[in-house]
Amino acid sequence: MSQIRHIFTKEFKDYFVSPIAYIVISIFLLVTGWFFFTTFFIYDQASLRNFFTLLPIIFSFVIPAITMRLFAEEMSVGSYEILLTLPVTSGDIILGKFFASVAFVAAMLLPTILYPVSISFLGSLDWGPVAGGYIGAILLGAAFSAIGLFASSLTRNQIIAFITGVAICFALTIIDKMLFFFPKYILCFLENLGADFHFKNVSKGILDSRDIIYFLSVVFIGLYCSHMVLQNKK
Amino acid sequence: MIHIEKLTKYYNELCAVDRIDLDINKGEVLGLLGPNGAGKTTTLRVLTGFLKPTSGSIRINGYNIDEHLLQIKGLIGYLPESAPLYYNMLVFDYLNFVADIRGIESNKKLTRIRELSDLCGLNEVMHKSIGELSKGYKQRTGLAHAMMSNPEILVLDEPTSGLDPNQIVEIRKIIKQIGKEKTIIFSTHILSEAEATSDRIVIINQGKIVADGSAQSLKGSGQSESSVNIALKGPDFESVKDLFSADNTIVRIEPDDNGNDDIVRIKLYCRSSSDLMENIYKKIKATDWVLVELHQDTKTLEKIFRELTMEQ
């Protein structure tokens, strides 16, 4: 357990040592801020619904950018050899890196707390959906982080890791909007595969165990696949 | 202490290590020699748990590598080839991280880092990022990393490659110093280095062990014929040949490449015997020639290495 903590601390610090963290956070805040506030006054509603509607799409680009270096960089530099020959298991490594990435997503979301706070001065804001939205955002961020981590474990090239991550996250985000292409009998199944579908529920403030189980299973599958890839590389 | 049995490692179809058996005792400094691609690095990587063997077993201090990998990793300090450390970390932060992972208590951490920094000469670069360091300092940081928990076994993959002669001497000094108490396994393709620092030399070629022993015993092995070089002033080649042709310990006499001066250089191939040099000297003494040079060719490690690895 302490090994996971040490790896987590190192990875989390690493984000803020390099300029990547600041670039990604600025881009995230710019994009969400722009898309959210350009329509905010037109709708004339004191709610964050539009902000949360946008999140899955934005996350499917931003989170792979956060996770792409986690394994790919180590493998191209060769430091992976050092890490793996220290007394840690590959499970410690994967979990440490995963939690660092989730913590980074949380750090990235932190400044957006200013949105509901400032909106609450403009009208009566319902805090329930806001809290649900943030819980959902963390769950979604965790799921996409696990996918991004898996993409990063596949290759030593960070760009390939990024594109693979985006492809999987984006597919999960839009799959429930593409349902009209598919035959009727698998519609329900495909709809439940969609990350956006489950995120929508949570961000309305409804904490359904089905949605939480969905996100946790994506996390589990992503991390387990990374584990298998790393074992296979030995 | 380390017991390797029938270790084999395949990369897809390519066989990198082919049924190696090796026993390494406590306190031994073992130099692993071999040409490029012989399987040195692969052997070390399997030993340190970075790679899984295709077949065969490794036992260290009674721990089997398949079941007790974590304990084995705890026993070994490993410096991979060309020290691939985290480039964006400061040396101090990095050593701190390694100390944490190695489970060094936080109140002893600073003293340990200070000790290692003195030993490896890192004091000036403690607050530089690893990416900025020269190759020598990087290697030293790697060495400090490997020695962090004072491990019983140190595995160093080409610890001196790419360093300048001064740095090589320093690293060797460090290796010798720690080698007094620890088991050290290091790979190199510099033969003089293996000769200078190790108690035991193992030469591998194409994934197989082709020689194993101390530098001295390796030199003694091989063919029983030895050669003596002499340089004489006075006679010509034919008369020297006549002088030695009667001696039955001498197998062959060949002229060595002559300079333009009036000195005759000759190479005598003889069966090894203890009073060889004495015989030759006495024979020459009986003539009125001037003996300028007389020395026996010692078989160098280079030569043995070439013989063993060029065959196939």
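The written sequence of each chain sets the order in which its residues are numbered from 1. The lettering of chains begins at A and the numbering of ligands begins at 1, in the order of writing. For this predicted model, a pLDDT threshold of at least 70 governs which residues receive local features, and a threshold of 80 or more governs which side-chain atom pairs are given and counted, while totals over whole chains, interfaces and linings are taken from all residues. Each side-chain value is derived from all of the structure's non-hydrogen atoms; neither hydrogens nor water enter the calculation.

Asks: Describe the overall build of chain B, with residues and values.
Replies: A run of DSSP states H or I qualifies as a helix once it reaches four residues; a run of E qualifies as a strand once it reaches two. Both are numbered from the N-terminal end. Looking only at helices and strands, chain B has eleven helices and 14 strands in total. We compute the radius of gyration over the C-alpha atoms and compare it with the globule rule, which gives 2.2 Å times the number of residues raised to the power 0.38. For 312 residues, the compact-globule estimate of 2.2 N^0.38 gives 20 Å, and chain B exceeds it by more than 25% at 25 Å. Long-range contacts, defined here as pairs at least 24 residues apart, represent 69% of the contacts in chain B between residues at least 6 apart. Exposure was quantified through the Shrake-Rupley algorithm and a 1.4 Å probe, taking into account, for residues, occlusion by the shown protein chains and nothing else. For chain B, the exposed area adds up to about 14,900 Å²; of that, 47% sits on carbon and sulfur atoms. Within chain B, one finds 38 positive and 44 negative side-chain charges whose respective centroids are separated by 5 Å. We call two residues contacting when some pair of their heavy atoms lies within 4.5 Å. His is not counted here, nor are the chain ends, while Lys and Arg score as positive and Asp and Glu score as negative. Where a charge lies is defined by one atom per residue type, namely NZ (Lys), CZ (Arg), CG (Asp) and CD (Glu).

Asks: Summarise the nonpolar core; cite the residues concerned and give the values.
Replies: Of all hydrophobic cores here, the largest spans 124 residues; its most connected members are Phe59(A) and Tyr94(B). With eleven residues, helix H8 (residues 127-154) of chain A is the single largest residue contributor to this core. Side-chain atoms within 4.5 Å are what join buried Ala, Val, Leu, Ile, Met, Phe, Trp, Tyr and Cys residues into a set we call a nonpolar core. Relative accessibility decides the category of a residue: with a 1.4 Å probe and only protein chains considered, values under 20% of the type maximum give buried, values over 50% give exposed, and everything between is partly exposed. Residues Ile230(B), Leu268(B), Cys270(B) and Ile284(B) belong to the second largest nonpolar core, which totals 15 residues.

Asks: Could you give an account of the domain arrangement of chain B, with specific residues and numbers?
Replies: Those domain boundaries reflect an automatic or database domain assignment. Split by domain assignment, chain B resolves into domain 1 (2-220) and domain 2 (225-298). Between the C-alpha centres of domain 1 of chain B and domain 2 of chain B there is a distance of 47 Å.

Asks: So what's going on with the packing of aromatic side chains? Residues and values would help.
Replies: Aromatic ring pairs are defined here through the distance separating the ring centres and the angle between the ring planes. Between the rings of Phe, Tyr and Trp (Trp by its six-membered ring), a pair exists once the centres lie within 6.5 Å; its type follows the angle of the planes, with under 30 degrees stacked, over 60 edge-to-face, and the other angles tilted. Applying the stated criterion to the full structure yields 26 aromatic pairs over all chains. Arranged with centres 5.3 Å apart and planes meeting at 90 degrees, the rings of Phe37(A) and Tyr115(A) form a pair that is edge-to-face. Here Phe37(A), found in helix H2 (residues 20-43), pairs with Tyr115(A), found in helix H7 (residues 114-122); they are 78 residues apart in sequence, far enough to count as distant. A ring pair is formed by Phe52(A) and Tyr134(A), whose centres lie 5.5 Å apart and whose planes are at 90 degrees; its orientation type is edge-to-face. Note that Phe52(A) is positioned in helix H3 (residues 49-67) and Tyr134(A) in helix H8, a separation of 82 residues in sequence. On the basis of relative accessibility, which here comes to 3%, the residue Phe52(A) falls in the buried class. Look at Tyr134(A) and you get buried, because its relative accessible area is 13%. Taken together, the ring pairs connect Phe36(A), Phe37(A), Phe40(A), Phe41(A), Phe51(A), Phe52(A), Tyr115(A), Tyr134(A) and Phe199(A) into an aromatic cluster. One cation-aromatic arrangement involves Lys10(A) over Tyr86(B); the distance from NZ or CZ to the ring centre is 3.9 Å. Remark: a charge is flagged as sitting over a ring if the NZ atom of Lys or the CZ atom of Arg is within 6 Å of the ring centre and within 35 degrees of the ring normal. One Lys or Arg, Lys10(A), reaches over the ring of Phe97(B) and ends 5.8 Å from the middle of that ring.

Asks: Break down H2(A) for me, citing the residues and quoting the values.
Replies: Every α-helix winds through 3.6 residues per turn, so residues three or four apart in the chain are directed the same way. All names here are of chain A. Here the expected length of a helix is defined as 1.5 Å per residue gap, with one fewer gap than residues. Between its first and last C-alpha, H2 extends 34 Å over 24 residues, near the 34 Å set by a 1.5 Å rise per residue. Turning to H2, its buried residues are Ala-21, Val-24, Ile-25, Phe-28, Thr-32, Gly-33, Phe-36 and Phe-40. Elements in contact with the buried residues of H2: helix H1 (2-17), H3, helix H6 (90-109) and H7. Asp-44, located one to two residues past H2, shows a positive phi value of around 55 degrees.

Asks: Break down the interface of chain A and chain B for me, with residues and values.
Replies: Of the residues lining the interface, 23 residues belong to chain A; the matching set on chain B comes to 26 residues. Summed over both partners, the accessible area (1.4 Å probe) lost when two parts come together is defined as the buried area. Interface area, chain A with chain B, both sides summed: about 2,400 Å², of which 65% is carbon and sulfur. When residues of chain A are sorted by the area they lose upon contact with chain B, Glu81(A), Ile82(A) and Lys234(A) head the list and together hold 29% of the total. Note on definitions: salt bridges are taken to be side-chain nitrogens of Lys or Arg within 4 Å of carboxyl oxygens of Asp or Glu. Between the two partners, chain A and chain B, sit one salt bridge. When the shortest N-O distance is used, the salt bridge between Glu81(A) and Arg45(B) registers 2.8 Å. Polar contacts, as used here, are pairs of N or O atoms within 3.5 Å; protein pairs need one atom able to donate a hydrogen and one able to accept it. Residues neighboring in sequence count only if both atoms are side-chain atoms. In this assembly, chain A and chain B are joined by eight residue pairs in polar contact (both at pLDDT 80 or more).

Asks: Could you give an account of the sheet that holds strand S2 (residues 14-24) of chain B, naming the residues involved and the relevant values?
Replies: Residues and elements named next belong to chain B. Pairing between strands requires that DSSP locate at least two bridges from one strand to the other. With antiparallel pairing, four strands are arranged side by side in an open sheet as S2-S1-S4-S5. Either end of the sheet is taken by a strand with one partner, and the two such strands are S2 and strand S5 (63-64). Looking at chain direction, strand S4 (residues 55-60) and S5 are connected through two bridges and run antiparallel. Bridging across to S5, Arg-59 finds its partner in Asn-64. Running at roughly 120 degrees to strand S1 (residues 2-11), helix H1 (residues 40-47) makes contact with S1, S2 and S4 of the sheet. Lines fitted to the C-alpha atoms define the axes, with helices restricted to the stretch that makes contact. Angles between their N-to-C directions range from 0 to 180 degrees.

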